[in-house]
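Each chain is listed here by its residues.
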Amino acid sequence: MSGLVGYIGRREAAEIMVDALKKLEYRGYDSAGVAVITGKDISCRKEIGIIRRLKDSLERNPITGTIGIGHTRWATHGKVSVENAHPQIAGNIAIVHNGIVDNYIELKEELLKEGVVFQSETDSEVIAHLINRELGNLEEAVAKALKKIQGVYALIVLSADDPEKLIAVAYGTRMVIGLGGGEYFVGSDTTAVAPYTKDVIFISDGERAVISREGVDIRNISGQRVTKKIERIGWNPVMMEKGGYRHYFIKEVCEQPRVIIDTLHNHIHGGEVDFAGLSLSDKDLAGITKIVLTGGGTSLNAAIVGKYLIEGIAGIPAEVESISELRFSPIKKLGGQLMVAISQSGETIDAVSCLRHGNAYGAKTIAITNTKYSTLEKEAGGNINISAGPEISVAPSKSFTGSIVSLYLLAIYLGIKRGTLSAEKSAEMIKNVAALPHKIEEAIDLEERMEQLSRIFYRNKGFLYIGRGINYPIALEGALKMKKLSYLYADGYIGGEIKHGPIALVDEDTPVVVLVPNDKYYRHTLADAEEIAARGGTVIAFATEGDTEIAKRFEHIIYLPQSDYYLNPILNSIPLQFLAYFVGLRRGCMVDLPRNLAKSVTVE
Ligand code: G6P
C-alpha cells in the first residue's frame, strides 16, 4: 500500500514529486522513489526510509526532466529494500503501483517461462513486464496488460519510447488528477495535488487517463471516452503545515476545539440537528431495525463509542463490527438496517468493501469521513463530513473526537426523528455539546501535567487502560495510541473484566490508566482501581473536577471538567493523546510516522 504521484509540465518533475510525496507519506514511508524522463531515457532514484532521504539524495545529485512518476511505499509483497521500492522498471517502462496483484504468482511464472528476469520480489514488477511485453502502442499495451491482472489497484505508467505522456489507471480505488495551466499533477489523494491546484478530476472503476501537456483523455474500462466533472477542492495548503508545532500530532490535538466548533456549525441550525444531506426519508428512518457501525483502527473505536451513543440516546439497537470482518458476514440481507461506516480517509479498502457489501445487500448506508470526494463518501447513501481539516499525523486525534461528535449528533437526530428523544432533552444535549469546545480547551491545558507524567512512566514496560460503559472504547483508544506512538505494550479493557484475567498483568512496572468519571459506573470503576492498587499496581486516575474522594486514594489524578456522560469520552481522549505523545517523544520514536504503519490502508 502506497502513495503515488505523477507530474507533467514545465517545472522540474522530481522536485514537485518529492514535495507531493511528502504529503502522501501517511500512506507509507518505508522507501520512496521517482522516475523521470531524461532525454530518451528514464532515470530512476530510490531510497530506503522516509521521503526526506530521497529528497536529500536528489538535492545532492539531481535528476532533471519535466515528466515523471513517484512513489512512497508501505511494503506488502517483498521486504523493504531498494530493489522492492518503486518505480518498478521493465525495459523502457516504469510504473508506480498501489494495491495487490492477486494473481501475481501465476503471472510471474508465465513471464519467467518466457525468459523475463525479475529484479524485485514485488507483485508490482509483474505489471511493468506485462506492459513491456505488449509494446507497441503504449495505451494498448497498458489496456492489454491490465486485462490479465486481478485485484484492486492504482497505477501510473511512464514510457521512454512514448515520453510525452503519463497513463494513470484506478481500479476499485481512485486517483486524483490536478489541472494546472499547461501542467498536470497526479496523486493518490487530493493532499498531493492541493498545493498546486484546486481544480481536480477523479478517476476510478477501471478508468484510464492519458495525460499529456495538451490535456487529459479519459477512457472507461471498455475503452470508451468519458467526460469527467471538474471538482474544486477546499483544503487550503496552509492547513497542511505544522504551523510552529514540533509535530503534526500535537498540532492536531490542539486543533480539537476548532474541529468541534466547525462540526456543530455545519450540523446544528436553528437549535436543531440538521442532517438533511443524509438522504433518509421519514419512512426510511421509521423502518430502521438495527444500526451496524463499522470502522478500522481508531475508527473502530469511534464506532464502539457510536454504539453507546445510538443505543443510549436514540434507543435503537446497534452492533459494531470491524471492517475487516463485517464484509465477510454471512448475513446477506441487511434490509431494515442502517450501516454507518466510519473512516477518516474514506479510502481504507476494507471500509469501502463493507460499504459496498451494505449497499449490495439492501442496507441504508452512511459514511462518516473526513475527506471530501473520497470513495466512501461517493458511494455511501448519505454522508457526514467530520470537518477536521487535513489530518497528517499517522495517529489520528482530531478526526477521532470529530467523528464522536458527529455520532452524538446523529444519535440526537435519529432520536428526534423516531420520536424516542424529546425536544427538551435534545435541546439540553445540544447545549451540552455547544459547551464542549471550551471544556476541551481546559483539557488541552493538561499538556504540561501529562508531560510530567510521561517523565515518570516512559521507562516502564507498558501501560494498561480501563474504562466502563462509553469509556471502554476510550480505554481501547488510549492503548492503541500508546502502542503506535511509543511502541510500548499497551492494552485496554472493560473495567469489570480485569479481574477475569488482565489483572495478572498488573505489577509495579505497568501503570494502569483508570477512566473514572462521576458517572453511573463510578463506584464500580473505583473498585477496579482499588483492586489494581491492592496488587501493587500504579493507578493514573482520570476523574471529574471536584471529586474529593478519589484524591484520598491515588497519587496520580488527572481532573477533567464536569460533562455529560455521552461527551465525557471526548474529554478523556485529550490527555490520553498527550500521554502517548510525550511517552513516544521521550522514547525517541517518530511520533508522526510510527514504524510499520500507514495512515490509510488501501490494500486488503
Ligand atoms: C490505519 C491507520 C489508523 C487508522 C486506520 C483506519 O491503520 O494507521 O490510524 O485508524 O488506518 O483509517 P481510516 O482512514 O479508515 O479511519
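First, a word on scope: everything that follows refers to the structure included in this document.

### Comments concerning the site of the ligand
Phase 1: Close to the ligand lie 14 residues; Ser299, Ser343, Ser345, Thr348 and Lys484 are nearest.
Phase 2: Ser299 has a polar side-chain atom sitting 2.6 Å from an oxygen atom of the ligand.
Phase 3: One of the side-chain nitrogen or oxygen atoms of Thr348 is found 2.5 Å away from an oxygen atom of the ligand.

### Digging into the pairing of strand E23 (residues 489–494)
Phase 1: Two elements, strand E22 (residues 462–467) and E23, share six bridges in a ladder whose sense is parallel. Bridge pairing in E23 links Gly462 to Tyr489.
Phase 2: In this view, the connection linking E22 to its parallel neighbour E23 by way of helix H18 (residues 472–486) has right-handed handedness.

### Re the pairing of strand E6 (residues 93–99)
Phase 1: With seven of its seven residues buried, E6 lies for the most part within the structure.
Phase 2: Residue alternation in E6 divides its side chains into two sets, Ile93, Ile95, His97 and Gly99 and Ala94, Val96 and Asn98, and both sets are buried.
Phase 3: In this structure, strand E5 (residues 88–90) lies alongside E6, joined through three bridges in antiparallel fashion. Paired with Ala90 across the bridge in E6 is Ile93.
Phase 4: Of the pairings in the sheet, the one linking E6 to strand E7 (residues 153–159) comprises seven bridges and is antiparallel in character.

### Thoughts on the packing of helix H16 (residues 436–444) against helix H21 (residues 568–586)
Phase 1: Orientation of H16 relative to H21, taken along the N-to-C sense of each, is 25 degrees, at an axis distance of 9 Å. In terms of axis orientation, H16 runs roughly parallel to H21. Crossing angle aside, the handedness with which H16 passes H21 is right-handed. Across the interface between the two elements, Leu436, Lys439, Ile440, Ala443 and Ile444 from H16 touch Ile570, Leu571, Ile574 and Phe578 from H21.
Phase 2: Classifying every residue of the contact of H16 with H21 gives eight nonpolar, no polar and one charged.

Reading the values: the criteria
- Residues numbered from 1 in each chain as written.
- Predicted model: local features only at pLDDT ≥ 70, side-chain atom pairs only at ≥ 80, totals over all residues.
- Heavy atoms only, no water.
- Near = heavy atom within 4 Å.
- Polar contact = N/O pair within 3.5 Å; in protein donor to acceptor, adjacent residues only side chain to side chain.
- Pairing = 2+ DSSP bridges.
- Helix = DSSP H or I, 4+ residues; strand = E, 2+ residues; numbered from the N terminus.
- Right-handed = clockwise from strand over helix to strand, strands pointing away.
- Buried < 20%, exposed > 50% of the residue type's maximum accessible area, 1.4 Å probe, protein only.
- Axes fitted to C-alpha atoms, helices over the stretch in contact; angles between N-to-C directions.
- Parallel < 35°, antiparallel > 145°, perpendicular 65-115°, else oblique.
- Left-handed = near helix turned anticlockwise from the far one by under 90°.
- Contact = heavy atoms within 4.5 Å.
- Nonpolar A, V, L, I, M, F, W, Y, C, P; charged D, E, K, R; others polar.

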